[in-house]
Amino acid sequence: MIILAVNAGSSSLKFTGFEMPSEDVLISGVFERIGIGNSFYTIKLNGEKKKKEVDLPNHKVAFEILIKELIDNKIVESLDEIKGVGHRIVQGGAYFDKTEIATAEVIEKIDELSSLAPLHNPAAIVGIKAAKEVMPKALQTVVFDTAFHQTMKETEYMYAVPYSWYKDYQVRKYGAHGTSHKYVSQRMNEILGRYDTKLITCHIGNGASISAVKNGKCVDTSMGLTPNAGLIMGSRCGDMDATVVTYVMEKTGMSPKEMDTILNKQSGLLGISGVSSDSRDIEEGINSGNERCKLAQDMYVKRIVEYISKYYVLLEGCDAIVFTAGVGENSIMTRKQILDKLGVLGIKVDEEANNVRGIERKITTDDSKIPAYIIPTNEELMIAKDTYSLVLQD
Ligand code: AMP
């Protein structure tokens, strides 16, 4: 059977089609500039990549084109072979701790949570509605980025602000990247051959978060009410003294929206270096002697090490550290700097093994007290697997 994993943005629609249960990828791609003109899509199938310019007034048309491509390329004979469509949802609040079928009540709750993810949840609802129209017989499911973190206890998810903020405005930590943390922690357990494990999973991409995972369940994670908490990221500041915000707003007369934009889009590696949010550019800057790139990288690594250290203590030990996402999978330098700083825990990087990009493997020596691994993430597959199991139960 065919399962689609989709991620709808306000003007985009990413998709991957899997044959299940074999997990073979049959088709993948993205529709871009939906509803804003000059739209096009890129598609990968049968080992070929192609780009087509096409009118995309809305997400429904994008799904119709996707179906046509599947039929024209003989991946399916009819629409009925698509048994499930899994939709990525950024914010599931405290309502959802697992993947659900996208019923009207579920969609209503996702909508209710839009104030916590104003750019993402409304766009995902547009995607669900369009998919339902085009594929009425397929089971539509919703896979939440926050669901994996719902096992956190109050002590981990509460903020030390007036309790009424939690009651009245649901202010608490929800985390993000949950589908990725779940995928790599499951994969790590498979590699270790046991499930009673203590793992620290580092999803370090443009956005970045670290989770402490015990026996397959999230104990704590670094992102918060929104993704702008915890680590220093490409252009997000992560943790800092909250008073910095009110202090600078008073000094400059900046509006909350302007401040939010700066903290999310002009901070992090970009803010400190003044060069770029991309870790490749930071590396290049360091190699050519740029002091602010060096400062940005040192702060970036320090913050990651701080989180790994505190999760080591929280978990009372650690069976493996996992690196994933753009930087985690590809930055040889960043991984080495992190693991070197963790030397006090008896961790020893294997420089030769670490000298790779995007490959699943152990990158520490055999006598390292804690092994570290690169595990390329696969959020789409996780979405497809969850959807497939709901289709089987349906
Ligand atoms: P993601 O958000 O997971 O797609 O990660 C994107 C980020 O990964 C980019 O902004 C880069 O900072 C980083 N990245 C990708 N490739 C490399 C590489 N070869 N070396 C260092 N960083 C990389």
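This text follows the structure it describes.
Let me sum up the structure you'll find in this document. Each chain has its residues counted from 1, following the order in which its sequence is written. Local features in this predicted model are restricted to residues of pLDDT 70 or higher, and side-chain atom pairs are both shown and tallied only at a pLDDT of 80 or more, whereas totals for entire chains, interfaces and linings draw on every residue. Excluding hydrogens and water, the side-chain figures rest on all heavy atoms present in the structure.

Details of the site of the ligand
For this description, a residue counts as near a given molecule or strand if any of its non-hydrogen atoms is within 4 Å of it. Surrounding the ligand, one finds Gly205, Asn206, Asp278, Ser279, Arg280, Glu283, Ala325, Gly326, Val327, Asn330, Ser331 and Arg357. One of the side-chain N or O atoms of arginine 280 is found 3.4 Å from a nitrogen atom in the ligand. Think of a polar contact as two N or O atoms within 3.5 Å of one another; within protein, one of them needs to be a possible hydrogen donor and the other a possible acceptor, and neighboring residues in sequence only count if both atoms come from side chains. Between the ligand and the protein, one listed contact pairs an oxygen atom with a backbone N or O atom of glycine 326 at 2.9 Å. With the chains in place, 72% of the 500 Å² that the ligand exposes on its own is no longer accessible. For the shell around the ligand, the secondary-structure elements that each account for two or more residues are helix 10 (279–287) and helix 12 (325–330). Only DSSP runs of H or I with at least four residues qualify as helices, and only runs of E with at least two residues qualify as strands; both kinds are numbered from the N terminus onward. Among the elements that line the shell around the ligand, the one with the most residues is helix 12, at four residues. Polarity classes work like this: nonpolar for Ala, Val, Leu, Ile, Met, Phe, Trp, Tyr, Cys and Pro, charged for Asp, Glu, Lys and Arg, and polar for all others, with Gly in that last group. Partitioned by chemical class, the residues of the shell around the ligand number two nonpolar, six polar and four charged. Surface accessibility in these figures is a Shrake-Rupley result with a 1.4 Å probe; residues are shielded only by whichever protein chains are displayed.

Describing the nonpolar core
The biggest cluster of nonpolar side chains holds 38 residues, and the ones touching the most others in it are Ile204, Ile210, Ile308, Ile321, Phe323 and Ile338. Put simply, the parts of the chain that give this core at least two residues each are strand 9 (198–204), strand 10 (208–214), helix 9 (268–273), helix 11 (291–314), strand 12 (320–324), helix 13 (332–341) and strand 14 (372–374). Of the residues forming this core, the biggest block, nine residues, is contributed by helix 11. A contact between two residues is defined here by any heavy atoms of the two lying within 4.5 Å. Sequence-distant contacts of isoleucine 338, defined by excluding residues within four places in its chain, comprise Ile204, Val301, Ile304, Val305, Ile308 and Phe323. Residues enter a nonpolar core if they are buried and are Ala, Val, Leu, Ile, Met, Phe, Trp, Tyr or Cys, with the set joined through side-chain atoms within 4.5 Å. Exposed residues in this analysis have more than 50% of their type's maximum accessible area, buried residues have under 20%, and partly exposed residues fall in between, with area computed by a 1.4 Å probe over protein chains only. Residues Val6, Ile34, Ala131 and Ala138 belong to the second largest nonpolar core, which totals 29 residues.

Let's talk about the packing of helix 10 against helix 11
To get an axis, fit a line to the C-alpha atoms, keeping to the stretch in contact for a helix; angles then go from 0 to 180 degrees between the N-to-C directions. Close contact between helix 10 and helix 11 brings their axes to 7 Å; oriented N to C, the two are set at 125 degrees. Taken together, the axes of helix 10 and helix 11 are oblique relative to one another. The two elements helix 10 and helix 11 cross, and the hand of that crossing is left-handed. In this structure, helix 10 contributes Ile282, Gly285 and Ile286 to the contact, and helix 11 contributes Cys293, Lys294 and Gln297. Of the residues belonging to the contact of helix 10 with helix 11, the class tally is three nonpolar, two polar and one charged. Each angle receives one of four descriptions, namely roughly parallel if under 35 degrees, roughly antiparallel if over 145, roughly perpendicular if within 65 to 115, and oblique otherwise. Two helices cross in a left-handed way if the nearer one is turned anticlockwise from the farther one by less than a right angle. They cross in a right-handed way if the turn is clockwise.

Describing the pairing of strand 9
Consecutive side chains of a regular strand alternate in pointing toward one face of the sheet and then the other. Strand 9 sits mainly inside the fold: six of its seven residues count as buried. Between strand 9 and strand 10, which pair antiparallel one after the other, the connecting turn spans three residues. In this analysis, strands are considered paired if DSSP registers two or more bridges between them.

Considering helix 10
Those residues of helix 10 that fall on the buried side of the exposure criterion are Ser279, Ile282, Glu283 and Gly285. Each buried residue of helix 10 lies within a common arc of 160 degrees when the element is viewed along its axis, so the set occupies one face. In helix 10, the exposed residues that point more than 90 degrees away from the buried face are Arg280, Glu284 and Asn287. For helix 10, the secondary structure elements touched by its buried residues are helix 9, helix 11, helix 12 and helix 13. Here, the arc refers to the directions that run from the helix axis to the C-beta atoms.

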